[in-house]
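Inside the fold
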Amino acid sequence: MAAIVLDEITKVYPNGFEAVHKLSLNVADGEFMVLVGPSGCGKTTALRMVAGLEDISDGTLQIGDRVMNEVAARERDIAMVFQNYALYPHMTVAENIGFALKLKKLPVDEIKRKVEEAALLLGLTESLERKPGQLSGGQRQRVAMGRAIVREPVAFLMDEPLSNLDAKLRVQMRAEVARIQRRLGVATLYVTHDQVEAMTMGDRVAVISAGVLQQCDAPQALYDHPSNLFVASFLGSPGMNLFEGALGDEGAFILIGTQRIDLPASVHASKPALRKYADQRVVVGLRPEDLILPSDEHDQVLAGWAPFEGDVELVEALGSELLIHFVSDARSVRVVEGENDDSRGLDQGTLMKGGEGVARAAARARISAGARAHFYIDPLRLHFFDSESNLAISA
């Protein structure tokens, strides 16, 4: 077993396009690290460099105590699981799982033992004599994982392995993949564009935009303390509401449109840098679940919270909850992925008139399209971002 260390690795293609810029990550032995970001952000390119399928333009890749930059893919002792399974249709499940071992000319009895152990772990014991065409999508993905497991590699690489599965099966397989990885205790680098997948599976999550690492931390830490506007808007379903705001005298309050929210001393104690932005415009962030509709269960909690109103345009009933789409007289901020330029930063959030936002409410909340929604906000749950740098305002 071994750690995977990426030290400022960069990928520049012959046409000059820089797909990955100075990416540094340390995947500890046994850790499940997820790379997440929108399509085309460079996450798969980074994974392919670790696998040896793409040359590294600059920087250093180390697996265990060995520098891998010039080591051929087949000599890196890693196993990769792809999204398209890549199974041999004419072989049985057992033959697919044990194929790499057969190429190594291991004894037949040892191959049989390892295949049966992997099948037991993956719930494939009853399917060993079947062929891929007789399996469900989830079973095929398990076979692909079994083929990687029997090799006993020092590290696993997974490139969106669940993206071809239907929604229900993806949820099931998320839990299974995470369970199997923890049981094996092998360093794993997992790529996905699905932020829910990233949040539920990773020990840590690395968020990438335009080839640049934006933030890497435990899933809950990323959600609660995003370092910039991109991370704030990307993580969460729905994403964080972002509005243009104006801090009042000495930061005592903030205006979101015409609506005033007083900021108690506890807000400044948790974000001391906020006082430097007095009388300036900032971006204010608020998670949908932090826009609370008053009800009997919230009466005590809402004491001292600030009111916030909006006109309801659409209510989505999801069974377990409602998503309330509203507009206010504020200005919404939409974040776009950064351009691949010399600044390597995020493009400015685009200000959109209309104050569009989303709130999350209990399934039995009484509200409908066309109504005026009267929410309450705990000022301590507000997020603040510099409108020029797009970075979070915190310490």
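Let me sum up the structure you'll find in this document. Predicted model only: the values in this text are computed from it and were never measured.

Brief notes about the state of the cysteines
Working definition of a disulfide: a covalent bond connecting the sulfur atoms of two cysteines. One pass over the full model with this rule turns up 0 disulfides. Not part of a disulfide, Cys 41 finds its nearest cysteine sulfur in Cys 216, a span of 14 Å. Among the residues examined, Cys 41 registers a relative accessible area of 1% and is labelled buried. On the basis of relative accessibility, which here comes to 24%, the residue Cys 216 falls in the partly exposed class.

With respect to the nonpolar core
Counting residues in hydrophobic clusters, the biggest one holds 46 residues, and the most contacted among them are Ile 97, Val 177, Tyr 190 and Val 207. Of all the elements, helix α3 (residues 108-122) adds the most residues to this core, at 6 residues. Val 177 has contacts with Phe 32, Met 145, Met 158, Leu 162, Tyr 190 and Met 201, leaving out every residue within four places of it along the chain. Residues Ala 46, Val 154, Val 191 and Ala 206 belong to the second largest nonpolar core, which totals 32 residues.

A closer look at helix α2 (residues 93-103)
Listed in full, the buried residues belonging to α2 are Val 93, Asn 96, Ile 97, Gly 98, Ala 100 and Leu 101. Elements that come into contact with the buried residues of α2 comprise α3 and α4 (137-149). Just beyond α2, the residue with positive phi is Lys 105, at close to 65°.

What about the pairing of strand β8 (residues 187-192)?
Taking burial as the measure, the 6 residues of β8 include 6 buried ones, the bulk of the element. Judged by which residues are buried, β8 turns out to be covered on both faces: Ala 187, Leu 189 and Val 191 on one side and Thr 188, Tyr 190 and Thr 192 on the other are all buried. The pairing of strand β3 (residues 32-36) with β8 spans 5 bridges and is parallel. Within the sheet, the bridge partner assigned to Val 34 lies in β8 and is Tyr 190. Examined bridge by bridge, strand β7 (residues 155-159) and β8 share 5 bridges and lie parallel to one another.

Calculation rules
Residues numbered from 1 in each chain as written. Predicted model: local features only at pLDDT ≥ 70, side-chain atom pairs only at ≥ 80, totals over all residues. Heavy atoms only, no water. Disulfide = S-S within 2.5 Å. Buried < 20%, exposed > 50% of the residue type's maximum accessible area, 1.4 Å probe, protein only. Core = buried A, V, L, I, M, F, W, Y, C linked by side-chain atoms within 4.5 Å. Helix = DSSP H or I, 4+ residues; strand = E, 2+ residues; numbered from the N terminus. Contact = heavy atoms within 4.5 Å. Pairing = 2+ DSSP bridges.

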